[in-house]
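# Residue-level structure breakdown
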Amino acid sequence: MKFGVIGAGQMGGGIAQVAAQSGFTVVVQDMKQEFLDRGRAVIEKSVAKLHEKGRLTDTPDVILGRMQFTTDLNAFADCDLVVEAIVENEGVKADLFRQLGQIVKPEGILASNTSSIPITALASASGRPERFIGMHFMNPVPLMQLVEVIRGYSTSDETAQFVTQTAERMGKTPLACNDFPGFVSNRILMPMLNEAIQCVMEGVAEPGAIDGIMKLGMNHPMGPLTLADFIGLDTCLAIMEVLHEGLGDDKYRPSPLLRKMVQAGLLGRKSGQGFYTY
Ligand SMILES: CC(=O)CC(=O)SCCNC(=O)CCNC(=O)[C@H](O)C(C)(C)COP(=O)(O)OP(=O)(O)OC[C@H]1O[C@@H](n2cnc3c(N)ncnc32)[C@H](O)[C@@H]1OP(=O)(O)O
Ligand SMILES: NC(=O)C1=CN([C@@H]2O[C@H](COP(=O)(O)OP(=O)(O)OC[C@H]3O[C@@H](n4cnc5c(N)ncnc54)[C@H](OP(=O)(O)O)[C@@H]3O)[C@@H](O)[C@H]2O)C=CC1
């Protein structure tokens, strides 16, 4: 199978890596060579670590040898499945899918790794809504078990079955849900992170204490502020905006502190500063 990934950021890189580890031929595209170089370096480090721990069936060289990095979208023409993992912005994703619908072979399936944006809207933009689906991996992709599989209004049974089987071949556990803002994962997770940010804003406790309370008290592997920094505060804000607008309820209102931090360029781990310094 030929597997395409668009975006060499934290999610795109992880998806491409796991696809290559699973034996697929992988094409990764990003807009600039420097993003591809950065993405490749992260993949090399992760593969080396997993290899050291004896968790891979192939050597790092074999896995990386299955991967091609390019800035050219035309490289997806003969892909069987293309998963998009670019910025969480409906307009930008829709534009990309309009182009991909023209480039990828007609029988190819298009998928979005979006955290929250309506799959049905992106499917319409692609011009092939029956062969379009949400394939939502969790961060960090090499370590997390879940793939949330989201059917759009017109997604065919064959497409859902193909993507479910592909997720299984990648060693993941696919779970199905319907196309509602934030799906299941982020409709439940993101309001918790937003509330933790609101607690910082209101002075309920220091960030370290908020995280400690949720880690030690609820056995969460990461505190909510550490997790928000890890996901990216820009992505968290974009998801809250989709929940707020899509569900029309003020309980999903993004915390003003979250908005202000994104405006200030504090995006969490990826910018070096969020609730913590990296
Ligand atoms: C926003 C969305 O749309 C959806 C989302 O994805 S929401 C985010 C979902 N993800 C989560 O909630 C993650 C929560 N965190 C966790 O589950 C855990 O902290 C974790 C799995 C990330 C890390 O596990 P941990 O038990 O805390 O241990 P930690 O010591 O940090 O890491 C375990 C090992 O994995 C390694 N590791 C971490 N990331 C890695 C990666 N990408 N590749 C390879 N190895 C990795 C670490 O280096 C570490 O190695 P050593 O044992 O050699 O030190
Ligand atoms: N972060 C997370 O925990 C999770 C995120 N997601 C979703 O995955 C997607 C990607 O998120 P994430 O990997 O964190 O983001 P990143 O910012 O790490 O990566 C996005 C990548 O896509 C590139 N990009 C942006 N616009 C375009 C475009 N028009 N064409 C090609 N490439 C583009 C970016 O380049 P540049 O550097 O220029 O911006 C960057 O390399 C989002 O939809 C997000 O909601 C899903 C699950 C978890």
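Residues numbered from 1 in each chain as written. Chains lettered and ligands numbered in written order. Predicted model: local features only at pLDDT ≥ 70, side-chain atom pairs only at ≥ 80, totals over all residues. Heavy atoms only, no water.

The name given to the protein in an unreviewed UniProt entry is 3-hydroxybutyryl-CoA dehydrogenase, with Deinococcus aquaticus as the source organism. UniProt annotates the protein under Sequence similarities (unreviewed entry) with the comment "Belongs to the 3-hydroxyacyl-CoA dehydrogenase family." (UniProt positions renumbered as here; feature names shortened; annotations may be inferred.)

## A closer look at the nonpolar core
Counting 36 residues, the largest nonpolar core has Phe 3, Ile 15, Val 26, Met 67, Met 135 and Met 170 as the members making the most contacts within it. For this core, the element with the highest residue contribution is helix 1 (residues 10-21), accounting for six residues. Here Met 135 is in contact with Leu 81, Val 83, Ala 111, Ser 112, Asn 113, Val 147, Glu 148, Val 163, Thr 166, Ala 167 and Met 170, once residues within four sequence places are set aside. Ala 75, Leu 96, Ile 117 and Ile 119 belong to the second largest nonpolar core, which has 23 residues in total. (Core = buried A, V, L, I, M, F, W, Y, C linked by side-chain atoms within 4.5 Å. Buried < 20%, exposed > 50% of the residue type's maximum accessible area, 1.4 Å probe, protein only. Helix = DSSP H or I, 4+ residues; strand = E, 2+ residues; numbered from the N terminus. Contact = heavy atoms within 4.5 Å.)

## Here we look at the packing of aromatic side chains
The tally for this structure, following the rule as stated, stands at two aromatic pairs. Aromatic side chains Phe 3 and Phe 24 sit 5.8 Å apart centroid to centroid with 10° between the ring planes, which places their arrangement in the stacked category. Here Phe 3 is found in strand 1 (residues 2-6), whereas its partner Phe 24 is found in the loop between helix 1 and strand 2 (25-29), with 21 residues between them in sequence. Under the relative-accessibility criterion, Phe 3 is labelled buried at 0%. Taking relative accessible area as the criterion, Phe 24 reaches 1% and is therefore assigned buried. Considering the side-chain rings of Phe 97 and Phe 132, the 4.8 Å spacing of their centres and the 80° angle between planes classify their relative orientation as edge-to-face. Taken together, the residues span a long stretch of sequence, with Phe 97 in helix 4 (residues 90-103) and Phe 132 in strand 6 (residues 132-137) at a distance of 35 residues. (Phe/Tyr/Trp six-rings, centres within 6.5 Å; stacked < 30°, edge-to-face > 60°.)

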